[in-house]
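Now for the letters of each chain:
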Amino acid sequence: MKDSIVAALKEADGPVSGELLAGRLGVSRAALWKHMEGLRAAGYVIDGSPKVGYRLMSEPDLILASALSSLLPGEFKEKVVRVDEADSTNTLAKELASSGRLGPVGLVVAESQTGGRGRFGRRWHSPHGGIWFSLVIRPRLSVREAGVVPLLASVVTAEAVAEATGLDVRIKWPNDLLIEGKKVAGILTELAAELGEIDYLVVGVGLNANVSFDELGDSDLAATTLMDETGRAVDRPRLIAKIVNRFLSDLAGLPKDVDKMLRRWRARSATLGRTVTVTAAGEAFTGEAIDLDSEGGLIVVDKAGTRRVFRAGEVTLGERV
Ligand code: BTN
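Report on the accompanying structure. Just so you know, these numbers come straight off a predicted model, no measurement behind them.

**A word on the overall build of the protein**
Point 1. Within the protein, the secondary structure is distributed over nine helices and 14 strands.
Point 2. Whereas a compact globule of 321 residues would reach a radius of gyration of roughly 20 Å, the protein reaches 22 Å, a difference of no more than 12%.
Point 3. Projected onto the principal axes, the alpha-carbon positions of the protein cover approximately 80 × 45 × 30 Å.
Point 4. Scored against the burial criterion, the 321 residues of the protein give a buried share of 48%.

**Comments concerning the packing of helix α2 (residues 18-25) against helix α3 (residues 29-41)**
Point 1. Running from amino to carboxyl end, α2 crosses α3 at an angle of 95 degrees, the nearest separation of the two axes being 9 Å. The orientation of α2 with respect to α3, classified from their angle, is roughly perpendicular. In this structure, α2 contributes Gly 18, Glu 19, Leu 21, Ala 22 and Leu 25 to the contact, and α3 contributes Arg 29, Leu 32 and Met 36.
Point 2. In terms of residue class, the contact of α2 with α3 is built from five nonpolar, one polar and two charged.

**Quick notes on the nonpolar core**
Point 1. In this structure, Leu 107, Leu 226 and Phe 247 are the most contacted members of the largest nonpolar core, which totals 66 residues.
Point 2. When residues of this core are assigned to their parent elements, the largest contribution, 10 residues, is made by helix α6 (residues 149-165).
Point 3. With residues near it in sequence (within four places) discarded, Leu 226 still touches Val 161, Thr 165, Leu 167, Ile 179, Val 184, Leu 207, Asn 208, Ala 209, Gly 231, Arg 232, Val 234 and Leu 239.
Point 4. Counting residues in each nonpolar core, the second largest holds 15 residues, with Met 36, Leu 39, Tyr 44 and Ile 46 among its members.

**Focus on the sheet that holds strand β11 (residues 283-292)**
Point 1. Pairing is antiparallel in the open sheet, where five strands are placed in the order β13-β12-β11-β10-β14. If you trace the sheet from one side to the other, it starts and ends with β13 (307-310) and β14 (314-320), each paired once. When the angles between neighbouring strand axes are averaged without regard to direction, this sheet yields 40 degrees.

**What to know about the sheet that holds strand β8 (residues 182-194)**
Point 1. As summarised here, the arrangement of the seven strands in space is β3-β4-β5-β9-β8-β7-β6, forming an open sheet in which the pairing is mixed. The sheet is open, and its two edges are formed by β3 (80-86) and β6 (169-172), each paired on a single side. Across the sheet, the mean angle from the axis of one strand to that of its neighbour is 20 degrees, orientation sign disregarded.
Point 2. Of the pairings in the sheet, the one linking β3 to strand β4 (residues 106-113) comprises six bridges and is parallel in character. Paired with Ala 86 across the bridge in β4 is Gln 113.
Point 3. Helix α5 (residues 89-98) rests against β3, β4, β5 (131-137), β8 and β9 (197-207) of the sheet, and its axis sits at about 155 degrees to β9.
Point 4. Across the sheet, α6 touches β6, β7 (176-179), β8 and β9, and the angle it forms with β6 is around 165 degrees.

**Brief notes about the site of the ligand**
Point 1. By nearness alone, 19 residues border the ligand, and Ser 88, Gln 113, Arg 117, Arg 119 and Lys 183 come closest of all.
Point 2. Contact between the ligand and Thr 89: a nitrogen atom at 3.0 Å from a side-chain N or O atom of the residue.
Point 3. In the environment of the ligand, an oxygen atom lies 2.6 Å from a nitrogen or oxygen atom belonging to the side chain of Lys 183.
Point 4. Relative to its unbound accessible surface of 410 Å², the ligand loses 98% to contact with the protein.

**Brief notes about the pairing of β5**
Point 1. When you tally the buried positions in β5, you get seven out of seven residues, the bulk of the element.
Point 2. Neither face of β5 is left uncovered, since the one carrying Ile 131, Phe 133, Leu 135 and Ile 137 and the one carrying Trp 132, Ser 134 and Val 136 both have all their residues buried.
Point 3. The pairing of β5 with β9 spans seven bridges and is antiparallel. Following the sheet pairing, Ile 137 is matched in β9 by Leu 201.

**What to know about the environment of Gly 186**
Point 1. Counting through the fold element by element, Gly 186 comes out in strand β8.
Point 2. Taking the relative accessible area as the measure of exposure, Gly 186 reaches 9% and is therefore buried.
Point 3. C-alpha of Gly 186 to C-alpha of Leu 207: the two residues are 21 residues apart in sequence and 6.7 Å apart in space.
Point 4. Residues in contact with Gly 186, not counting those within four places in the same chain, are Trp 124, Asn 175, Asp 176, Gly 204, Val 205 and Gly 206.

**Comments concerning the side chain of Arg 268**
Point 1. Relative to the assigned elements, Arg 268 resides in the loop between α9 (258-267) and β10 (274-280).
Point 2. Within the buried core, Arg 268 has no salt-bridge partner, and the shortest N-O distance to an opposite charge, that of Asp 168, equals 4.4 Å.
Point 3. Side-chain polar atoms of Arg 268 contact the backbone oxygen of Val 169, separated by 2.8 Å.
Point 4. Discounting residues that sit within four places of it in the chain, Arg 268 has contacts with Ala 158, Glu 159, Ala 162, Asp 168, Val 169, Arg 170 and Ile 171.

**A closer look at helix α8 (residues 236-251)**
Point 1. Here α8 contains 16 residues, and its C-alpha end-to-end distance of 22 Å stays within 8% of the 22 Å for a straight helix at 1.5 Å per residue.
Point 2. Within α8, the full set of buried residues consists of Arg 236, Pro 237, Leu 239, Ile 240, Ala 241, Ile 243, Val 244, Phe 247, Leu 248 and Leu 251.
Point 3. Summarising the contacts, the buried residues of α8 are in contact with α4 (65-70), β4, β5, α6, β9 and α7 (226-230).
Point 4. Where α8 begins, the side chain of Asp 235 points an oxygen toward the backbone nitrogen of Arg 238, at a separation of 3.3 Å.

**Regarding the pattern of salt bridges**
Point 1. Inspection of every chain in the model, using the stated rule, returns 26 salt bridges.
Point 2. The closest approach of N and O atoms between Arg 144 and Glu 295, which form a salt bridge, is 3.0 Å. In this pair, Arg 144 sits in the loop between β5 and α6 while Glu 295 sits in the loop between β11 and β12 (298-301), placing the two residues 151 residues apart along the sequence.
Point 3. By relative accessible area, Arg 144 is classed as exposed at 63%.
Point 4. With a closest N to O distance of 3.6 Å, Asp 176 and Lys 172 form a salt bridge. Note on accessibility: Asp 176 and Lys 172 belong to one class, buried.
Point 5. What you see here is one network of salt bridges that share partners, running through Glu 159, Glu 163, Lys 242, Arg 246, Asp 250 and Arg 264.

Each value, and the rule that gives it
Residues numbered from 1 in each chain as written. Predicted model: local features only at pLDDT ≥ 70, side-chain atom pairs only at ≥ 80, totals over all residues. Heavy atoms only, no water. Helix = DSSP H or I, 4+ residues; strand = E, 2+ residues; numbered from the N terminus. Rg over C-alpha atoms; globule rule 2.2 N^0.38 Å. Buried < 20%, exposed > 50% of the residue type's maximum accessible area, 1.4 Å probe, protein only. Axes fitted to C-alpha atoms, helices over the stretch in contact; angles between N-to-C directions. Parallel < 35°, antiparallel > 145°, perpendicular 65-115°, else oblique. Contact = heavy atoms within 4.5 Å. Nonpolar A, V, L, I, M, F, W, Y, C, P; charged D, E, K, R; others polar. Core = buried A, V, L, I, M, F, W, Y, C linked by side-chain atoms within 4.5 Å. Pairing = 2+ DSSP bridges. Near = heavy atom within 4 Å. Polar contact = N/O pair within 3.5 Å; in protein donor to acceptor, adjacent residues only side chain to side chain. Areas by Shrake-Rupley, 256 points an atom, 1.4 Å probe, with all protein chains shown as cover. Lys, Arg positive; Asp, Glu negative; His and termini not counted. Salt bridge = Lys/Arg side-chain N within 4 Å of Asp/Glu carboxyl O. Expected span 1.5 Å × (residues − 1).

Honestly, it's all geometry; don't read function into it.
Structure follows, in structure tokens:
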């Protein structure tokens with residue numbers, strides 16, 4: 001109901017009469033008044049009364065499922081799950097996808113996470129104001145072909161953030177987003193497969209958007225936020241929709257357009273042409289990050305000329321070569 005009232009008020013140019021609104025939503029005027037009080041308590045500034053009519057003056061920085069799904073393709077109708085608080089949107093998305101309640105696509109968005117998960121089992125701080133979402137997809141790709149999906153997610157997220165903020169957003173292999181060397185976003189992709197075939201993928205995006213560094217908790221990584229970098233808030237539903245829409249349309253071009261996608265990744269790279277240390281399976285290897293291979297693997301050559309291609313691992317950036 002809250003969503004429908006806000007949507008109706010936003011659609012209107014001026015004040016909307018209580019009678020009209022109550023009729024349209026199929027509730028009594030007394031019930032409507034109660035809902036208005038509830039919205040005001042939640043931070044919406046609504047002028048007026050049942051007699052004069054209601055007018056929405058400002059809204060809190062909240063992501064509404066209805067606002068978000070109106071910006072997404074029709075297949076997301078009823079497939080956007082928005083919660084105030086999740087343990088982890090990736091965990092919730094997997095539960096919903098496994099039980100058949102979300103699919104073939106779905107989007108789980110939380111205002112905050114209590115158990116946000118990062119790569120390598122790390123904790124991901126997810127206070128109110130950030131962008132924390134998980135996209136469920138069932139792509140027609142082999143498990144091997146799907147290896148580039150996290151890179152695609154990083155490219156579209158970096159491009160969307162750059163467009164929305166004007167910031168120079170770079171990518172540390174495979175999919176960390178950096179602004180002037182500080183991490184602003186991370187991506188955690190999880191795959192459910194059966195007999196070697198993809199059942200579904202969950203692409204979890206965590207973007208420090210309308211929060212300040214101080215709110216991120218005991219993050220030991222060099223991190224930053226969009227708010228700290230620009231001094232203003234982004235329109236979170238619009239930014240989420242931009243990322244998801246671009247991701248889906250580029251995903252449809254895979255595996256055919258993989259080279260095009262990798263070119264876009266290279267254009268935003270903070271990794272290539274630098275000395276890097278890649279830690280994979282408990283082992284560290286230092287050398288120059290030369291390029292990506294055709295499947296998105298990172299090619300590193302050390303001083304002795306030993307060449308290795310990494311499919312997974314963590315990169316620490318050194319100086320430019
Ligand atoms: C990383 O860089 O380590 C990946 C961080 C991914 C965080 C996002 S927030 C939304 C989704 N839910 C999670 O629990 N994790 C991902």
